[in-house]
Structure formats: structure tokens, C-alpha cells
Amino acid sequence: MRRRDFVFGALGAGLASSGALDPFVWSDPTAKAAPVRGVIPYGTAVRTDLLDTEFDYKAAIVDHCQLVVGEGGLKWFDLRPSEDQFVFDQPDRLIDFADRNGMQMRGHTLAWYGAMPDWTQTIASPAQAERELVHHITTVVGRYQGRIPSWDVVNEAIAEHPESGATIRNSIWQERLGKRYIELALRTAADVDPSAQLVINDYNIENPTQQCRDRRQALLDLLRDLKDRDVPLHAVGIQGHLPGDMEIDKEGLSKFVEAVKGMQLEVLVTELDVIDNKLPAREYDRDQIVAARAGDFLKAISDVARPSAILTWGITDRYTWVPTWFKRDDGKPNRPLPLDAGCRPKALMKVIDEFTGAAE
Ligand code: XIL
């Protein structure tokens, strides 16, 4: 049996034994074997435009990853420059890269408040919002049916600071449709590709703060409501943008994963990076703390349920979104990712390999 079949079989078996849904196999075992390195697929967000120009970047992805997700490309801002346009160049390029290298591609994301083109502000009525959302999901998921096995259908649905009665984040979808946009998006995606893993993806649930506690609870309430009404939903994406200067709420996060597992939902780590702007300047010290935070985070999850995938939001410090919002006061480059700017593995890569089984 090829390692890939073992991996995907184990993955499927793991889901079956965990009482989750029918084993969700990441890929057709007859597909080309990827350099599978462990029992949990690892992947990264990719800046597709760099694949043709930065060969060490591309080689690092091929060397380390079994999964890719577009950092952009499938967001409305990139995909929908106008109401009557769909521009698929980036996702088409990425899925071809994935196919050629025996990788799977995740779809990110179908319904989000962020990266929305200006024209969507003209969506004036609930009826128009429903038409636009259904048309978008039908077109996009339909194009990649059977090729993108897992979608972040709804991204960051929970309010930044949930309050009772106001737990769903504002967006054009929430404004026009209320929280039923979430069910609409999930049901539409399931109708278009019944084989796809449908994921609700969110962040800021990892730390021992009141905000994280409130967000964990609000997310669990949303998940329970959807599951109680048999809305198609298979997994929760825990983004994992970890503040490096803050401890992981191991107990709170493990209890959250326990509750998710109790709803027969899988867990994915979808956007792991460690925000190091408040960590020591010395690179070695910073890298160690970054690795330790990620290790605590992954352990708090894996102690309860094996993630069906672990992805970082970028693979090399050379390209990370972190300085957009979290520049260091000392002006030093951020080091949030598994490989340094020269695509050399850091302590964080070793930690990820230990959790995925690639280190064996
Ligand atoms: C970010 C990208 O990394 C940036 O390049 C882009 O300008 C904005 O979006 N959570 C998410 C991702 O789900 O889609 C965001 O990605 C980072 C936060």
C-alpha cells in the first residue's frame, strides 16, 4: 500500500472511529502520489503569482506540502471585479500546480465580510443578496466540483466582540439576510458539490481572554444551531493566528474541540502563524517562542481530536501578511512562519512535522 493510501485511509478511518461523518478522504487514492510525509496533511496558503518567478518558494511548497490554499484568488475582491465577471486565472493556476504536484487544494472563501469589491455595496435587498450569494457559490463551487474537496464556506462569521443577541459579524450578507446567510451558503455549496467538506472558519478562540471565551461560545452556539437544523456542515476551521506574547488557553481550547467533536464535526487548523511583533528581537529566542506557542496550540487540539489538516498562512517569512497589521517596533522583519526568508526550516517547521507525523 502506498504511503498516500495509508495516510488517506488512516485519515478516513480516524474520522470514522471518531464518530465523525463518513470517512472524508482528502483525495482519490488513485491520484498521483504526493511526497506524503505524515498522517496529517500539512499545507500552506500560496501567493499564486509567485509560483512562476520564485523557484525556491515553489520548491519549498512542493517539498513540505500536501495541501495548498490560495491566499487570494478565490476571495470576491479577486474573483469578482464586477457583478457580471468571474476571473478564475489565479485559482485555475493554483489547482493546476496542485494537480501536477499531487497536492489537494482548499477553497478560501465563499462568504466573508472581507475583501469585498465595492460593487457589492450596491446589493440593496434581501432578494438580491440571496441571488448574488447563490449565483456566486453555484458558479465557483461548480467550476471546481470534485477538484477542491474542502471549502471555507463561511469565514469569520462571529462578531469581533460577541454580545448577547449580537454574535454574528456584520457584513453585506448579514445586513441583507441576517444570520440565515450562513445556512444559505452551506446549503448551496452542498447542493453544488455534495462530496465537498464544508467548513466554517474563524479566529481569536485560542487564548485565555474574555474575548476568546465569548467567541468560542458564540461559535459553538452557531455550530449547534446549524447541526440541530441538519444544515450541511462538516468541519470547523481554527485559523490559529496566534499572538506570540499570549499563552494558549489549553483547557479552553481543548474543551472547545471536545464540544466540536461531540457534534460530529472535524477540526482543521487553517491559517497557523505566530504573531511575533511583541517577542524578543533575538531571532533564536523569537523562533523558540513561536514554536512553543504553536506546539501548545496544536497539542490542545490534538489531545482531543486529530486535525484533518494543518495549514499555515504562508510557508516562508519572506511572504507573510503579519507585518500588514503587526509590524515590530524595532523594524526587524517578522518571523511567524515555518521557514525563514531563505526558505530554511525553523523550529516551527519541526513542531509542525512532529504533529503531522512527518518528523518520524
Ligand atoms: C489576508 C491575506 O493574507 C492578505 O494578503 C489580504 O490582503 C487580506 O486577507 N484571515 C483570513 C484570511 O481568513 O483570508 C486573511 O488573509 C487573514 C486573516
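As a reminder, the structure under discussion sits directly above these lines.
Read on for a plain summary of the structure. All of these numbers come straight from a predicted model, not from anything done at the bench.

**Quick look at helix α10 (residues 283-302)**
Here is step 1 of the chain: For α10, spanning 20 residues, the distance from its first C-alpha to its last is 28 Å, which sits close to the expected 28 Å at 1.5 Å a residue.
Here is step 2 of the chain: Every buried residue of α10 is accounted for by R286, D287, V290, A291, R293, A294, G295, F297, L298, A300 and I301.
Here is step 3 of the chain: On its buried face, α10 sits against β8 (235-238), β9 (241-243), α9 (250-262), β10 (266-275), β11 (310-312) and α12 (347-356).

**A look at the packing of aromatic side chains**
Here is step 1 of the chain: Summed over the entire model, instances satisfying the criterion amount to seven aromatic pairs.
Here is step 2 of the chain: Between the aromatic rings of Y57 and Y319, the centroid separation amounts to 5.6 Å while the plane-to-plane angle is 80°, which identifies the pairing as edge-to-face. Here Y57, found in helix α2 (residues 55-64), pairs with Y319, found in the loop between β11 and α11 (322-325); they are 262 residues apart in sequence, far enough to count as distant.
Here is step 3 of the chain: Given a relative accessible area of 2%, Y57 falls into the buried group.
Here is step 4 of the chain: Note on Y319: relative accessible area 15%, which makes it buried.
Here is step 5 of the chain: Counting every residue linked through ring pairs, the aromatic cluster contains W76, W119 and W173.
Here is step 6 of the chain: Sitting over the ring of Y203, R215 keeps its end group 4.4 Å from the ring centre.

**Observations regarding the packing of helix α8 (residues 210-228) against α9**
Here is step 1 of the chain: At a closest axis distance of 11 Å, the pairing of α8 and α9 adopts a crossing angle of 5°. When the axis of α8 is compared with that of α9, the two are roughly parallel. The residues of α9 that touch α8, namely those facing R216, L219, L220, L223 and R224, are G252, L253, F256, A259 and V260.

**Focus on the layout of surface pockets**
Here is step 1 of the chain: Its boundaries defined by the atoms lining it, the largest pocket holds a volume of some 720 Å³.
Here is step 2 of the chain: Lining the largest pocket are 30 residues; nearest its centre among them are Y203, H241, W321, W325 and F326.
Here is step 3 of the chain: When residues of the lining of the largest pocket are traced back to their parent elements, those giving at least two are α8, β9, β10 and α11.

**A word on the pairing of strand β5 (residues 158-163)**
Here is step 1 of the chain: Judged from the two bridges that link them, β5 and strand β6 (residues 166-168) form a sheet pairing that is antiparallel. Paired with E163 across the strands is A166, a residue of β6.
Here is step 2 of the chain: Hairpin remark: β5 followed by β6, antiparallel, with two residues in the connecting loop; positive phi at G165, about 85°.

**Some words on the pattern of salt bridges**
Here is step 1 of the chain: The tally for this structure, following the rule as stated, stands at 28 salt bridges.
Here is step 2 of the chain: One salt bridge in this structure joins R187 and E183, with 2.8 Å as the shortest N-O distance. Taken as a pair, R187 and E183 lie in helix α7 (residues 180-192) at a separation of four residues, close to a single helical turn.
Here is step 3 of the chain: You can call R187 partly exposed: its relative accessible area is 31%.
Here is step 4 of the chain: Exposure remark for E183: the relative accessible area of 18% places this residue in the buried category.
Here is step 5 of the chain: One salt bridge in this structure joins D285 and R282, with 2.5 Å as the shortest N-O distance.
Here is step 6 of the chain: Beyond isolated ion pairs, a larger network of salt bridges with shared partners links K179, E183, R187, D225 and R229.

**Overview of the site of the ligand**
Here is step 1 of the chain: Contacts to the ligand come from E71, K75, H108, W112, N155, E156, Q239, H241, E271, W313 and W321.
Here is step 2 of the chain: Contact distances for the ligand include 3.4 Å between a nitrogen atom and a side-chain N or O atom of Q239.
Here is step 3 of the chain: Starting from 420 Å² of accessible surface for the ligand in isolation, the protein chains cover 72%.
Here is step 4 of the chain: In this structure, the ligand is accommodated by the largest pocket.

**Focus on the environment of K327**
Here is step 1 of the chain: Topologically, K327 is positioned in the loop between α11 and α12.
Here is step 2 of the chain: With 50 residues separating them in the primary sequence, K327 and N277 have C-alpha atoms 5.9 Å apart.
Here is step 3 of the chain: Contact partners of K327, with chain neighbours within four places excluded, come to N277, V322 and N334.
Here is step 4 of the chain: Only 3.2 Å separates the side chain of K327 from the backbone oxygen of P323, close enough to count as a polar contact.

**A word on α7**
Here is step 1 of the chain: Helix length check: α7 (13 residues) gives 18 Å between terminal C-alpha atoms against 18 Å at 1.5 Å per residue, within 8%.
Here is step 2 of the chain: The buried fraction of α7 amounts to 10 of the 13 residues, a majority that puts the element mostly inside the structure.
Here is step 3 of the chain: Among all positions in α7, only Y181, I182, E183, L184, A185, L186, T188, A189, A190 and V192 are buried.

**Looking at the side chain of E132**
Here is step 1 of the chain: Looking at the secondary structure, you find E132 in helix α5 (residues 126-143).
Here is step 2 of the chain: Within the buried core, E132 has no salt-bridge partner, and the shortest N-O distance to an opposite charge, that of R80, equals 4.1 Å.
Here is step 3 of the chain: Look past the residues within four positions of E132 in its chain and what remains in contact with it is W76, R80, E83, W119, I123 and W173.

Conventions used here
- Within every chain, residues take consecutive numbers counted from 1 along the sequence as written.
- Thresholds applied to this predicted model are a pLDDT of at least 70 for local features of residues and 80 or more for the giving and counting of side-chain atom pairs; totals over whole chains, interfaces and linings are not thresholded and use all residues.
- Remark: hydrogens and water are excluded; side-chain values derive from all non-hydrogen atoms of the structure.
- In this text, helices come from DSSP runs of H or I with a minimum length of four residues, and strands from runs of E with a minimum of two, each type numbered from the N-terminal end.
- Working rule for helices: expected span equals 1.5 Å times residues minus one.
- Type-normalised accessible area, obtained with a 1.4 Å probe on protein chains alone, sets the label of each residue: buried when under 20%, exposed when over 50%, and partly exposed for intermediate values.
- Between two residues, a contact is recorded if the distance between any of their heavy atoms is within 4.5 Å.
- When the centres of two rings from Phe, Tyr and Trp lie within 6.5 Å, Trp using its six-membered ring, the rings pair. Their planes under 30 degrees apart give stacked, over 60 give edge-to-face, and anything left gives tilted.
- Placement of a charge over a ring requires the Lys NZ or Arg CZ to be within 6 Å of the ring centre, with the centre-to-atom vector within 35 degrees of the ring normal.
- The axes are straight lines fitted to the C-alpha atoms, using for helices just the contacting stretch, and the angles between their N-to-C directions are given from 0 to 180°.
- Should an angle fall under 35 degrees it is taken as roughly parallel, and over 145 as roughly antiparallel, whereas 65 to 115 is taken as roughly perpendicular and any remaining angle as oblique.
- A 1.4 Å probe that fits but cannot get out identifies a cavity on a 1 Å grid over protein atoms alone, an open set with protein on both sides within 12 Å along at least five of seven lines counts as a pocket, and a residue lines either if it has an atom within 4 Å of a point.
- Grid points are joined across faces, edges and corners, and a volume is the space filled by probe spheres set on the points.
- Whether two strands pair comes down to DSSP finding at least two bridges between them.
- Any carboxyl oxygen of Asp or Glu within 4 Å of a side-chain nitrogen of Lys or Arg constitutes a salt bridge here.
- Any residue with a non-hydrogen atom lying within 4 Å of a molecule or strand is treated as near it.
- We call two N or O atoms a polar contact when they sit within 3.5 Å, provided that within protein one can donate a hydrogen and the other can accept it, with sequence-adjacent residues counted only if both atoms are side-chain atoms.
- Only the protein chains shown count as cover for residues, and the accessible areas themselves come from Shrake-Rupley with a 1.4 Å probe.
- For this analysis, a molecule is said to be in a pocket or cavity if more than half of its atoms are within 2 Å of the grid points defining it.
- Counting rule for charge: Lys and Arg are taken as positive, Asp and Glu as negative, and neither His nor the chain ends is counted.

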